[in-house]
Structure formats: C-alpha cells, structure tokens
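Per-entry structural report
Single-letter residue listing:
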Amino acid sequence: MRRISNKALLIIFAALLIASAVWILIAGSIKQDELLAEIYVEGRLVHTVDLSEVTESYTINLPHNTILVEPGQISMSSADCPDQLCVRQGVIKSGIYPIICLPNKVEVRIARESGIDAVTGGRS
Amino acid sequence: MKRRLLLVHIVALLAVILSSCSAKPERAESTVFAMDTLMYLEVYGDEAQATVAQAVERLYFLDGLLSAVNEDSEVSKINKSAGGFVDVPDEILEQLNAAQEVSRRSGGAFDISVLPLVTLWGFGTENAHVPSDEEIEAARRYVDYRNIELSGSSVKLAEGMSITLGAIAKGYASQTLAELFEGRGISSALVSLGGNVQVVGSKPDGSKWRIALQDPVNAGETAGVLELSDMAAVTSGGYERYFEQEGKIYHHILDPKTGRPSESGLLSVTIVCENGMTADALSTALFLLGEDGAIEYWRNYGGFEALLITDDGRMLVTEGLRGSFTQSGDAYTLEYVYGNGGA
C-alpha cells in the first residue's frame, strides 16, 4: 500500500479546517440583518414583515387591533380590548418580549433573539 | 507519533463536520391560546410534529376541564355543587392535593378558594374595580382552604365557596406535557405557558436552555438568565395583569387574608424546580408570603429554588441557583440566600 506523506495529510487537515471555517461564516451570515416580525391571530401566522426593510411607516389593520409597522420596530397602536396592555407595551425592536393581546388573541413577535429560548415573567 | 496525531485530528474534524450537516433532529412548534394565556411549544426529535399535535390536543382538553369561567368545566361543577360531594377526575384531584399541601404549609397564604374575591374585583374583565370594604368582608367569609374536604376521588366545598385553579393549572399543564414528551421518547422540548416555562432535556446541541427572567419594573428588560435542563421555571408578579383606579394600580394577586392585592414587598417570585405544577403553586404562595415567609418556607421544605425581587431593589437568590443564574444589568443588588446548614 502506498503511504500518504505527512505533508499531504497536513494539507488535507488544513483544507478541511478552512472549509469548515468558511461554512460556519456563510451559515452565520445568512439573514443576519433580517429583523423578521410575525403577526399571529389565534395562533395562526397571518403576516410576516422584515422590519429591516421598512422605510416608511404603515399600519396593518386586524378586526380588533391595529399594528404600526415602522423602520426597525413594531407596536400595537390600538386595540378594542378592555385592558390595553398590548398598547401600553409600546414598541418592540427585538425578540425577547412579544406583544400579546390576550382578549383578541393577537401576538406580534420578532424572530428569536440570539441566546434566549423563553421568558419567565409575571404574566401568569 | 506526530503522524498518528494528525490522522486523529482529521478523523475528529470529519466527524464534527458530518454530524453538523446530517444529524439535525426533526423540529416542530406551535402557538396556541388556551387557559386564558398564550402558549408556545417547541419539540425536537423523531415524530416531533405528531407529538406537538398530541400536546396541543391535550392543552385544549385541560382548558375545557379546568376553566373556572366555562360553565361546563369540571371546576365549575365542583363550584356549583358546593355543600355536597362531587366526583372529580384524576387531573383535578392531583392539583387539589398539591394545592392543599401548599396552603397548609403556607398557613393559608396560598388558597384556591379565593374565587369569590377574584370575581368581586373583576380582574381581566371590563368590570374591574375596587370593591367596598363591606363587599370584601362578605366575600372573604367564603375563603378558607380548610373548608375544602377531599375524600378518595371526591371533593366537597362548604356552602357558598368556590375555587379557581388559576394559580396551579398552567403548571399542571406544563408538567403534563413534559411527561407526555418523555413518554414519547422526546429528549429535547420547551413549553412556555404564559410565563410558566418548562424544559425537557437540553437543547438539541446539548447546551442548556436559556430562560430570560423578565424585569418586574421595566417589563421590556431582562433581569437575568437561567440556564436549565429538565426543569420548570415559573414567575409570579403583579406587574402584568392589573387595572388602574384613581391613579392607583391594583394588581391581580389577591391576598386571601386581606381580600386585597398582595402588598408583601415582593415584585416578583420565580420558582425553579423539576415539577411544573409545584413551581406554579409555590410562585404564588411565596409571593404572598413576602420575603421572610418565603425564605422560611424554602428553608423548611426545600425541594425547589427561588429568586425573589423586592420593592427596595434587591434580588434574593437561593444558593442552589448559583451557577445556573446570571444577572443582567445592575438594576438590583444580588444577594444569595443560604439554607439552615449554609454559611
């Protein structure tokens, strides 16, 4: 059997290392600048908007709620629910705390912020 | 020698590359509204999709069973039958037993028979208002967990009483789902039922789940992060559900002793323990007990860890959370709490 030289092995090793580094970089950079907001009604995704591409503000009108979409941020501008908690929450720009209108079953959330899987808070 | 080392490295590198490309487990998630809150499920593994579907079905089933609002629920049946015994399904019996234990241990700070007070205050309805002292006293007469009688699989409330499982049902639901996942061989899952978080196993990449703890003062901020596996984390706080009357804020956690929103000096209580149902009941109990009572409860009974945020800016963390809790920012002064045998 022909032996592979040490040099060849070293080249294979280096090539693999570089290839994997490139792969990690590519995989990591895809959609990095995207700020995807999702709007759910009764648990169903009804609308998706990339906030990073919004240049002019506009509203999305749902039967009981109005959502204000602005460059880089999103908020519930009005709702016909009694508690108005969702309106009082103001704008969100990141993924940790979604805006939730419980009475009308509307949720606005931004795709998960890196590193946090869930939130425990006094909602319950 | 050098050559062998190099070969080992190549093989190891290849193994890492191959595993990161191929072995991605099936992932499924779902968002549902049930039990008066928003629920989020995330499951990894074989048959993740089917498992999530089964879990969602289970949640709707429990919602119908446990609701205090739905006239046909099993809980409503218990309330309508006050004065006499009524047979209850296992799902409710388990919660009643757990609730009664926490009630006894907390000296009645935790009490599922607060429904007359909850109804009177009208939290979450358009009718939310501050009742008169007379109204509160009248409702309080029917609040006493000691008048809930459990016998075998039946329960009897004293005349005029009514119960709500609101402070335990979501924890029961998350515990039920965690057991369902484990039964189906799922080794990685997360359930978030309106602030009740329960995780099964670790994340698919083997790292622990990272659970943010919401800042009770600035609800858009994070007070810290818990890194957990096979654990439930439940928080009770007055800052999410409340109403305002004449400039004063009235939050929804009612103290059965006073018939009014708790003024225990705590802004939020987070409980970390393996059982989601226990965590849920304890978060409310310790919130109502206040700082001293909460720490005493933890020292006496244990079996869980706690994180208390006080209204004078302190964050009290029981020693078992050292290593899994990291504070974010410096809004609170962090203090560790030790058990009887501790420093």
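Given the structure is predicted, the values throughout are model-derived calculations rather than measurements. (Residues numbered from 1 in each chain as written. Chains lettered and ligands numbered in written order. Predicted model: local features only at pLDDT ≥ 70, side-chain atom pairs only at ≥ 80, totals over all residues. Heavy atoms only, no water.)

A word on the side chain of B:Ser73. All names here are of chain B. For Ser73, the location among the structural elements is in the loop between helix H2 (48–66) and helix H3 (74–80). Residue Ser73 is classed as buried on the basis of its relative accessible area, which comes to 0%. Residue contacts for Ser73: discarding those within four places in its chain leaves Gly64, Leu65, Leu66 and Ser67. (Helix = DSSP H or I, 4+ residues; strand = E, 2+ residues; numbered from the N terminus. Buried < 20%, exposed > 50% of the residue type's maximum accessible area, 1.4 Å probe, protein only. Contact = heavy atoms within 4.5 Å.)

Further remarks concern the environment of B:Gly313. Mapped onto the fold, B:Gly313 is located in the loop between strand S16 (305–310) and strand S17 (314–318). Residue contacts for B:Gly313: discarding those within four places in its chain leaves B:Ala331, B:Tyr332 and B:Thr333.

Our focus in this paragraph is the sheet that holds strand S7 (residues 196–201) of chain B. Residues and elements named next belong to chain B. An order of S1-S2-S6-S7-S10-S15-S16-S17-S19 is seen for the 9 strands of this open sheet, with the pairing classed as mixed. Sheet topology places strand S1 (27–34) and strand S19 (333–337) at the edges, where each strand pairs with a single neighbour. Strand-to-strand, the axes of this sheet are offset by a mean angle of 10 degrees, without reference to chain direction. Summarising the sheet, S7 and strand S10 (residues 231–237) pair through 4 bridges and their orientation is antiparallel. In the strand pairing of S10, Val197 is matched with Ala233. Its contacts with the sheet place helix H7 (residues 169–183) against strand S2 (37–44), strand S6 (188–193) and S7, and it is angled at close to 15 degrees to S7. The strands touched by helix H8 (residues 276–301) within the sheet are S7, S10, strand S15 (266–273), S16, S17 and S19, with S15 carrying the most contacts at an inclination of about 125 degrees. (Pairing = 2+ DSSP bridges. Axes fitted to C-alpha atoms, helices over the stretch in contact; angles between N-to-C directions.)

Partitioning chain A into domains gives domain 1 (1–30) and domain 2 (36–110). Computed from C-alpha atoms alone, the centre-to-centre distance between domain 1 of chain A and domain 2 of chain A is 46 Å. (Domains from an automatic or database assignment.)

What follows covers the interface of chain B and chain A. Between chain B and chain A, the contact holds 51 residues from the first and 36 residues from the second. Interface area, chain B with chain A, both sides summed: about 3700 Å², of which 59% is carbon and sulfur. For the pair chain B and chain A, the interface holds 3 salt bridges. The interface formed by chain B and chain A includes 10 residue pairs in polar contact (both at pLDDT 80 or more). (Buried area = accessible area lost by both parts, 1.4 Å probe. Salt bridge = Lys/Arg side-chain N within 4 Å of Asp/Glu carboxyl O. Polar contact = N/O pair within 3.5 Å; in protein donor to acceptor, adjacent residues only side chain to side chain.)

Moving on, we come to H7(B). In an α-helix, one turn spans 3.6 residues, which is why side chains three or four residues apart end up on the same side. Residues and elements named next belong to chain B. In this model H7 runs 21 Å from its N-terminal to its C-terminal C-alpha over 15 residues, within 8% of the 21 Å that 1.5 Å per residue would give. Burial of H7 is extensive: 12 of the 15 residues sit out of reach of the surface. If you check which residues of H7 are buried, you get Ala169, Lys170, Gly171, Tyr172, Ala173, Ser174, Gln175, Thr176, Leu177, Ala178, Leu180 and Phe181. Tucked inside the fold, the buried residues of H7 contact S2, H2, helix H4 (90–105), S6, S7 and H8. Two residues or fewer after H7 comes Gly185, characterised by a positive phi angle close to 80 degrees. (Expected span 1.5 Å × (residues − 1).)

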